[in-house]
Amino acid sequence: MTLEIHDANRVRTLTLNRPEALNAFNEALYDELTNALRAAADDPEVAVVLLTGAGRAFSAGNDLVEMQTRITNPDFTPGEHGFYGMIETLTAFDKPLICAVNGVGVGIGTTILGFADLAFMSATARLKCPFTSLGVAPEAASSYLMPRLLGRQNAAWLLMSSEWVSAAEAREMGLVWKVCEPDDLLTEARRHAEILATKPISSLQAVKQTMVAPLRDAIVAATEREKALFVELVGAAANADALAAFADRKGSGA
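If you're wondering where the values come from, they're calculated on a predicted model, not measured in any experiment.

(A) How the structure looks around the layout of surface pockets. Size it by volume and the second largest pocket reaches roughly 490 Å³. Of all the secondary structure elements, the ones that give two or more residues to the lining of the second largest pocket are α3 (82-92), β7 (118-122), α6 (142-150) and α10 (201-233). Broken down by element, the residue count for the lining of the second largest pocket peaks at five residues, all from α10. Within the lining of the second largest pocket, the residues separate by chemical class into 16 nonpolar, three polar and three charged.

This is how it looks when you write it as structure tokens:
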């Protein structure tokens, strides 16, 4: 299994578990996380979901090796839900979602924080949205959620520069709520999750519903805009060159 699931005190912890690939999302992991979020939403014993990663990464984003295969192999079989199924599920998820960024977060490993109700980050972790270095469009409604969360200029830098953002910078931008020492990260995230989990689930859902309901149509619209541009750009010259360069580095062990 590429996703570990653990329940305690009405908190369901979901741990991305592809450490050998820095928890990069392949089709299987998109499907597993989508199914796990849907199950948590439906489970009356789960009040809060905590998402983190195994090993030294939170998530290295899309599995670029699989992405290149998807582009070049006409027989590639996609997953049941895939990336957009996961985004649809995150958009609809009606219980508190807490992210604990334990290590590097790239692409969806950063943009998923736009869906978090609370985000904690290890002081040694780093985040990056490499869309422009890959020649593609933004994803996960980040073109809408990040300006709203961070302000226009912070979001522009995050989405346009393909540069790393430190934990301190992420906290200053408003991308994460608290920065913790690495050994304290999960303890602190769980402590806060368990505080929320003592509250009535119906009340937690009411708060989230009233906060998120005005945004859902805009999130869906942003996702559709991004998808159209992504389809236009993926496989085009800039993207093909970037993926080929990545594959060459991977093959050479660089």
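(B) Expanded view of the state of the cysteines. Within this structure, the stated rule accounts for zero disulfides. Its sulfur unpaired, Cys180 is 13 Å from the next cysteine sulfur, which belongs to Cys99.

(C) Representation of the pattern of salt bridges in the model. Taken as a whole and judged by the stated rule, the model has five salt bridges. With a closest N to O distance of 3.1 Å, Arg18 and Asp63 form a salt bridge. Of this pair, Arg18 sits in the loop between β2 (11-16) and α1 (27-42) while Asp63 sits in the loop between β4 (57-59) and α2 (64-72), and the two are 45 residues apart along the sequence. On the basis of relative accessible area, Arg18 is assigned to the buried category, the value being 11%. As a salt-bridge pair, Lys208 and Asp117 come within 2.8 Å of each other at their nearest N and O atoms. Here Lys208 is found in helix α10, whereas its partner Asp117 is found in the loop between α4 (108-111) and β7, with 91 residues between them in sequence. Classification of Lys208 as buried rests on a relative accessible area of 7%. With a relative accessible area of 33%, Asp117 lands in the partly exposed category. One connected set of salt bridges, linked through shared partners, spans Asp7, Arg12 and Asp43.

(D) Up close: the sheet that holds strand β9 (residues 165-166). Pairing is mixed in the open sheet, where four strands are placed in the order β4-β6-β8-β9. Looking at strand neighbours, the two that pair on one side only are β4 and β9, the edges of this open sheet. Sheet analysis places strand β8 (residues 126-128) next to β9, joined by two bridges and oriented antiparallel. The partner of Leu127 across the bridge, within β9, is Val165.

(E) Region of the structure containing unusual backbone geometry. With phi around 65°, Arg10 is a residue other than glycine that occupies positive phi space. With respect to the helices and strands, the residue Arg10 is situated in the loop between β1 (3-8) and β2. In this model, Asn23 sits at a positive phi of 55°, which is unusual for a non-glycine residue. Mapped onto the fold, Asn23 is located in the loop between β2 and α1.

(F) Structural view of the environment of Leu134. Residue placement: Leu134 occurs in helix α5 (residues 131-134). Note: C-alpha distance between Leu134 and Ala167 (33 residues apart in sequence) is 23 Å.

Cut-offs applied
Residues numbered from 1 in each chain as written. Predicted model: local features only at pLDDT ≥ 70, side-chain atom pairs only at ≥ 80, totals over all residues. Heavy atoms only, no water. 1 Å grid on protein atoms, 1.4 Å probe; cavity = no way out; pocket = protein on both sides within 12 Å on 5 of 7 lines; lining within 4 Å. Points joined across faces, edges and corners; volume = space filled by probe spheres on them. Helix = DSSP H or I, 4+ residues; strand = E, 2+ residues; numbered from the N terminus. Nonpolar A, V, L, I, M, F, W, Y, C, P; charged D, E, K, R; others polar. Disulfide = S-S within 2.5 Å. Salt bridge = Lys/Arg side-chain N within 4 Å of Asp/Glu carboxyl O. Buried < 20%, exposed > 50% of the residue type's maximum accessible area, 1.4 Å probe, protein only. Pairing = 2+ DSSP bridges.

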